[in-house]
Amino acid sequence: MRILGISGSLRADSHNTALLRAAAELLPPGVELELYEGLREIPPYDQDEDDAGQHTPAVLALRQAIEQADAVLISTPEYNHSIPGVLKNALDWVSRPVATSVLRNKPAAVVGASTSLFGAIWAQAEVRKVLAAIGADVVDRELPVMQAQAQFDEYGNLVADDLRGQLAEHVNALVEATRDRNGAPTPA
Ligand SMILES: Cc1cc2nc3c(=O)[nH]c(=O)nc-3n(C[C@H](O)[C@H](O)[C@H](O)COP(=O)(O)O)c2cc1C
């Protein structure tokens, strides 16, 4: 099973990208996580271009990456209590046509890290809302990583055992939802 990890941050030392890297270390056997790294190249959404099928290589690559993944895990920062514009913009590009969006019926889960005491809960809720609007099969749970600057060591590993456990449970819920959807048996 392949999960595509999408970080909503372009920052080199992003806590959200680190969270996805930590998730990649906690996957059950037979599951791998590929980190999507093309967010910076996605152009501003333009419905004229979209309707005309004028999609840049970056947009096509994102669509293909989602299409080829069994599931999607998004880690979102929170900007002004909401979704970072670059992430929302990318989701808009892959949302059309509604009936055939690559996210339609795609199992998806959301986590988030912020430096405040709230752990990007509003941004996570809004990403789940957007994914549901697009028709993704959204795992109904959140993982708020608060005061993110204190949660990772110098190598980007999660310091706290309980947070590692919560992240493993979160990813497992996505893996189970994907297995249920694909009708695959859970390995003993
Ligand atoms: C423009 C901007 C707006 C922000 N707004 C919020 C906010 O509403 N809530 C919050 O918890 N943190 C907010 N922050 C702090 C981010 O949580 C923090 O910068 C975080 O590290 C960003 O994620 P990253 O490390 O993955 O880049 C904001 C940061 C920026 C740059």
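Treat the numbers as computed from the prediction; the structure is a model and nothing was measured.

A few words now on the overall build of the protein. In terms of helices and strands, the protein carries six helices and six strands. Taken over the C-alpha trace, the protein has a radius of gyration of 16 Å; the compact-globule value for 188 residues is 16 Å, and the two agree within 12%. Seen along its three principal axes, the alpha-carbon backbone of the protein occupies a region of about 50 × 40 × 25 Å. Counting across all 188 residues of the protein, residues that qualify as buried make up 48%. Of the contacts formed within the protein by residues at least 6 apart in sequence, a portion of 76% connects residues at least 24 apart.

Once that is clear, we can look at the pairing of strand 1 (residues 2-7). For strand 1, a buried count of five out of six residues is recorded, marking the element as mostly surrounded by other parts of the structure. Taken together, the five bridges between strand 1 and strand 2 (residues 32-36) define a ladder with parallel strand orientation. Among the inter-strand pairings, Gly5 is bridged to a residue of strand 2, identified as Leu35. For the handedness criterion, the β-α-β arrangement of strand 1, helix 1 (residues 15-24) and strand 2 is classed as right-handed.

Tracing the sequence through the fold places Thr17 in helix 1. According to the relative accessible area criterion, Thr17 is buried, its value standing at 12%. Ignoring any residue separated from it by four or fewer positions in sequence, one finds Thr17 in contact with Ser7, Ser9 and Leu35.

Side chains of Leu117, Phe118, Trp122 and Met146 sit close together on the surface and give an oily, nonpolar patch of about 390 Å² of accessible area. Position of Trp122 among the secondary structure elements: in helix 5 (residues 121-134). On the basis of relative accessibility, which here comes to 33%, the residue Trp122 falls in the partly exposed class.

Among the 13 residues in the neighbourhood of the ligand, the closest are listed as Ser9, Arg11, Ser14, His81 and Ser116. Note that an oxygen atom of the ligand is positioned 2.9 Å from one of the backbone N or O atoms of His15. Ser116 has a polar side-chain atom sitting 2.7 Å from an oxygen atom of the ligand. A total of 620 Å² of accessible area belongs to the ligand in isolation, and the protein chains cover 73% of it. Class assignment for the residues of the shell around the ligand results in two nonpolar, nine polar and two charged.

Parameters and conventions
- Residues numbered from 1 in each chain as written.
- Predicted model: local features only at pLDDT ≥ 70, side-chain atom pairs only at ≥ 80, totals over all residues.
- Heavy atoms only, no water.
- Helix = DSSP H or I, 4+ residues; strand = E, 2+ residues; numbered from the N terminus.
- Rg over C-alpha atoms; globule rule 2.2 N^0.38 Å.
- Buried < 20%, exposed > 50% of the residue type's maximum accessible area, 1.4 Å probe, protein only.
- Contact = heavy atoms within 4.5 Å.
- Pairing = 2+ DSSP bridges.
- Right-handed = clockwise from strand over helix to strand, strands pointing away.
- Patch = residues over 30% accessible without salt bridge, like charges linked within 9 Å, V, L, I, M, F, W, Y side chains within 5 Å.
- Areas by Shrake-Rupley, 256 points an atom, 1.4 Å probe, with all protein chains shown as cover.
- Salt bridge = Lys/Arg side-chain N within 4 Å of Asp/Glu carboxyl O.
- Near = heavy atom within 4 Å.
- Polar contact = N/O pair within 3.5 Å; in protein donor to acceptor, adjacent residues only side chain to side chain.
- Nonpolar A, V, L, I, M, F, W, Y, C, P; charged D, E, K, R; others polar.

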